[in-house]
Amino acid sequence: MTSPCWKLDGESADEALRLLRRARFVLMPTHQNVDADGLASPLALMLALRQQGVTAIPLITDGQRPANLSFLPGYDQVLIYGEDELPEYDLLCMVDCSDRKRLGQFYKDDPERVSGSVPIVNIDHHVTNDGFGVINIIEPTAASAAELVADILALWGTELTREIAQCLLAGIYGDTLGLRTDSTTSRTMRTAADLVDAGANPAPIVDSLFRIKPRSTVCLWAKALQNVQWTGALIWTELTNETFKTCGAEPGEGEGLVNFLLGTDGSKAAAILYANDHGWRVSLRSMPGDIDVAALASTFGGGGHPRAAGLQIEGGEAEKQAFLTRAAHLIAGEDPAGAAATAP
Ligand SMILES: [Mn+2]
């Protein structure tokens, strides 16, 4: 099998470093509901830029301290929006952020912050990134932003310390579920191996990202699993605010559940319905070769990736049933309009 190879745009990486070196303070706002890649990649940059005498600090834009990521080197230096005083900054560096609107309360409080009045360095791997920076380094075939940062740091001549390597490996493991997604390439694995050679340790990353969880998560999953239902080949369950409250669980604690349901014998797609004020937020997954859930979601006004997508059901119980019935028809390929295409 040939290795699908992206090549770093070296000129842009050089230009980015020139810009970063000139700045007095670089702020690195993360995307909302920040995940391992979204925080570990800017943390690696923070540590690397320090070697160049540049001050660059990540900012958690939605004010939600991601306690599950506290194992990352440099975590204690991260700023929390709405909690820590916002420093004066003259450059923004965004990593793993596909859209400026995904900058949480930091954006909502003042969209002008990211309108270009302060220059932006934009490093990302989302295909939908529209290139909002003065410098844009975007590689959609990279499985994680961390892989991009690893290449950028090599080009800059950064000394790859154990801490930087640990951050970057955590970013890769986060987005590839531990080198298991179909976005994982031989190039991803080579980068991961280089990071282990530089002193990164995969074991605590796997424990922190995939094993260690609060009791409230198990409570939530137990209740959700007791209530698993089928509509055609769609396996699904529902989580209400009441269930979250009973278990004392945070909103993010249901996130992995849809991946657990995915792959259940006899199913072609999995869904979690999260009840909210307007109806339900639906999180959808499918296996490679099964239905394109992005196409399915788009018929209901949602969107996403072919294997992971989301949408909102507006309304009550009747609208929910209508969604489930229609989705099951689309999954079975029985929709007369043929609106959702089945992946080849
Ligand atoms: Mn990512």
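Note that this is a predicted model, so its numbers are computed, not measured.

**Q** Help me out: how do you make sense of the pairing of strand β1 (residues 26–29) in this one?
**A** Working note: regular strand, side chains alternate between the two faces of the sheet. With burial as the criterion, each face of β1 is covered, one bearing V26 and M28 and the other bearing L27 and P29. The pairing of β1 with strand β2 (residues 56–60) spans four bridges and is parallel. Counted as the bridge partner of P29 is L59 from β2.

**Q** How should helix α6 (residues 186–197) be read in this particular structure?
**A** Within an α-helix, residues lying three or four positions from one another point in the same direction, as the helix has 3.6 residues per turn. Under the 1.5 Å per step criterion, the end-to-end length of α6 is 16 Å for twelve residues, consistent within 8% with the ideal 16 Å. Three or more residues of α6 are buried, namely T188, T191, A192 and L195. Buried positions in α6, seen along its axis, are confined to an arc of 100° and lie on one side of it. For α6, the exposed residues lying more than 90 degrees away from the buried face are S186, R190, A193 and D197. On its buried side, α6 packs onto α4 (145–156) and α5 (162–176). Positive backbone phi, at 115°, marks G199, one or two positions downstream of α6.

**Q** Would you explain the domain arrangement of the chain in this entry?
**A** Buried accessible area, meaning the area lost when the parts come together, often serves as the stated size of an interface. As assigned here, the chain comprises domain 1 (10–210) and domain 2 (215–331). Measuring from the centre of the C-alpha atoms in domain 1 to the corresponding centre in domain 2 gives 29 Å.

**Q** It is not clear to me how the pairing of strand β8 (residues 234–239) should be interpreted in this structure. Could you clarify?
**A** Burial analysis of β8 places five of its six residues in the buried class, which makes it a mostly covered element. As defined by bridge partners, strand β7 (residues 229–231) adjoins β8 across three bridges and the pair is classed as antiparallel. Within the sheet, the bridge partner assigned to Q229 lies in β8 and is W236. Taking the residues that link successive antiparallel strands as the turn, the β7-β8 hairpin has two residues, and the phi of G232 there is positive, at about 60°. In this structure, β8 lies alongside strand β9 (residues 269–275), joined through six bridges in parallel fashion. From the neighbouring strand, I235 faces β9, where its bridge partner is A270.

Parameters at a glance
Residues numbered from 1 in each chain as written. Predicted model: local features only at pLDDT ≥ 70, side-chain atom pairs only at ≥ 80, totals over all residues. Buried ≥ 20, exposed ≤ 12 C-beta atoms within 10 Å, placed from the backbone. Helix = DSSP H or I, 4+ residues; strand = E, 2+ residues; numbered from the N terminus. Pairing = 2+ DSSP bridges. Expected span 1.5 Å × (residues − 1). Arc of directions from axis to C-beta. Contact = placed C-beta atoms within 7 Å. Domains from an automatic or database assignment.

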